[in-house]
Amino acid sequence: MNEFIYNISMWVDGTSWSAKLHESYYMYNWVESTHVLTLILCLGMLFVIDLRMLGYAFRDVSASSIANRLNIPMLLGFIIMFITGILLFYAVPIRTSQSIWFRFKMVLLVAAAINAFIFHKQMNESVSSWGNDARAPSAVRKGAFLSLAFWSIIVICGRLIAYDWFDCEYTDAGSLSQVLSGCIDGQTQF
Amino acid sequence: MLLSTSSDFNSRSKTITVGVLLTLLLIFSFSSLRHESWLRLYDFFLWLETTPFGVLGKTWGAVFAIVEAVHLLAMALLGGAVLISDARLLGWCFTDVPAVKIQNEAHKVFKVGLVVVLFTGVFMACGVAGKVYWLPVFWYKMLALATGIFFVFFIRRPMLQRNFRELNPWVVKLVAVSSMLVWITVAATGRWIGFAGS
């Protein structure tokens, strides 16, 4: 599996646009800035929805109103964040695919997506009975709490990708870090 | 009648105060005072690196990285509050909910976000004070942040606490757009510090 990911990353890295994007100071930085700005849009909406469900914010505004109105800007932010995220990966594929933080982040993104699906399902099924209450029922609150936790750790992992402490070239062969990062024996270092 | 006169006087005095402050800021910006103040601040920035925050930020890279992430999360919270309240002023959402209610609730969230942004921001600045001092984009961010805080607490908030019907709708829209632009500038210049410093 790791070799497959490595070979795919090598192929992506060999495409001319990958190198061009990586080496373009302004283009790369603009893509990364857009990633951060749309993260603010997406997570800003998500945090308000979750805090409303937990009863910490916008308690006087109905929960369904908050969730329905903020879902669209949240999804818009997510789509642009996702596209710019793919571009950031495309620009630095090998190092990113072998980053322990990137791998954690991907796992957590899947967990956050499953949680979001369950959270919305539970909310839509029952919101008519508690929509105007200050706090959502226990099951929805759990979903909101997990959402906050997942996304907070996703952002921390995303930030840590920039640091090279656990890069393949700086860790011992066969160490847990190398196993989790998917380092390949004898690979070219980047 | 008396109330109206008093309110007009307050508005006029606040407008004059803002005008005077802006004039002073312009004089400061275009005179040698700005350069002299900047030079004097260098020792202060070097001292910041010797504070416990500075030492911790420089010695423990992991702590610095996590504080960076918390700073970003707090910016998201602050940004969410700003966007929701400005979108309401522009009539883009929550038009069935009284604007005052949205503004008050959003302001509470904004204040929490701002406190965390400032605390984590000071921590990060202490860790790399000697470096950011030389970056123009750091000073642009400080200017944008100061403008944003001043704008929220001395212009936007007092204005929106008045009766909405008294306000010209175009002024309200202008305030909302300005608010969004100021905070987007804060976020964008903040990200650019990382590029400029690398």
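What comes next is a walk through the structure. If you're wondering where the values come from, they're calculated on a predicted model, not measured in any experiment.

1. So, the overall build of chain A
Consideration 1: Looking only at helices and strands, chain A features 8 helices and 0 strands.
Consideration 2: When the helices and strands of chain A are placed in sequence order, the string is α-α-α-α-α-α-α-α.
Consideration 3: Oriented by its inertia axes, the alpha-carbon framework of chain A measures out at about 60 × 35 × 25 Å.
Consideration 4: The long-range fraction of contacts in chain A, counting pairs at least 24 apart against all pairs at least 6 apart in sequence, stands at 76%.
Consideration 5: Counting only carbon and sulfur atoms, one obtains 67% of the accessible surface of chain A, whose full area is about 9900 Å².
Consideration 6: Of note, chain A has its 12 positive side-chain charges centred 15 Å away from the centre of its 13 negative side-chain charges.

2. Some details on the packing of helix 2 (residues 16–23) of chain A against helix 4 (residues 63–91) of chain A
Residue and element names in this part refer to chain A.
Consideration 1: For the pair helix 2 and helix 4, the least separation of the axes is 8 Å and the interaxial angle reads 100 degrees. Our classification of the angle between helix 2 and helix 4 gives roughly perpendicular. Residues W17, S18, L21 and H22 of helix 2 form the contact with helix 4, whose participating residues are L87, Y90 and A91.
Consideration 2: Within the contact of helix 2 with helix 4, the residues separate by chemical class into 5 nonpolar, 2 polar and no charged.

3. Observations concerning the state of the cysteines
Residues and elements named next belong to chain A.
Consideration 1: Counted according to the given criterion, the structure contains 1 disulfide over all chains.
Consideration 2: Between C168 and C183 runs a disulfide, and the two sulfur atoms are separated by 2.0 Å. Handedness of the C168-C183 disulfide follows from its S-S torsion of about -90 degrees: it is left-handed. Of this pair, C168 sits in the loop between helix 7 (138–160) and helix 8 (176–181) while C183 sits in the segment after helix 8, and the two are 15 residues apart along the sequence.
Consideration 3: Classification of C168 by relative accessible area gives buried; the value is 10%.
Consideration 4: On the basis of relative accessible area, C183 is assigned to the buried category, the value being 17%.

Rules behind the numbers
- Residues numbered from 1 in each chain as written.
- Chains lettered and ligands numbered in written order.
- Predicted model: local features only at pLDDT ≥ 70, side-chain atom pairs only at ≥ 80, totals over all residues.
- Heavy atoms only, no water.
- Helix = DSSP H or I, 4+ residues; strand = E, 2+ residues; numbered from the N terminus.
- Contact = heavy atoms within 4.5 Å.
- Areas by Shrake-Rupley, 256 points an atom, 1.4 Å probe, with all protein chains shown as cover.
- Lys, Arg positive; Asp, Glu negative; His and termini not counted.
- Charge placed at Lys NZ, Arg CZ, Asp CG, Glu CD.
- Axes fitted to C-alpha atoms, helices over the stretch in contact; angles between N-to-C directions.
- Parallel < 35°, antiparallel > 145°, perpendicular 65-115°, else oblique.
- Nonpolar A, V, L, I, M, F, W, Y, C, P; charged D, E, K, R; others polar.
- Disulfide = S-S within 2.5 Å.
- Buried < 20%, exposed > 50% of the residue type's maximum accessible area, 1.4 Å probe, protein only.

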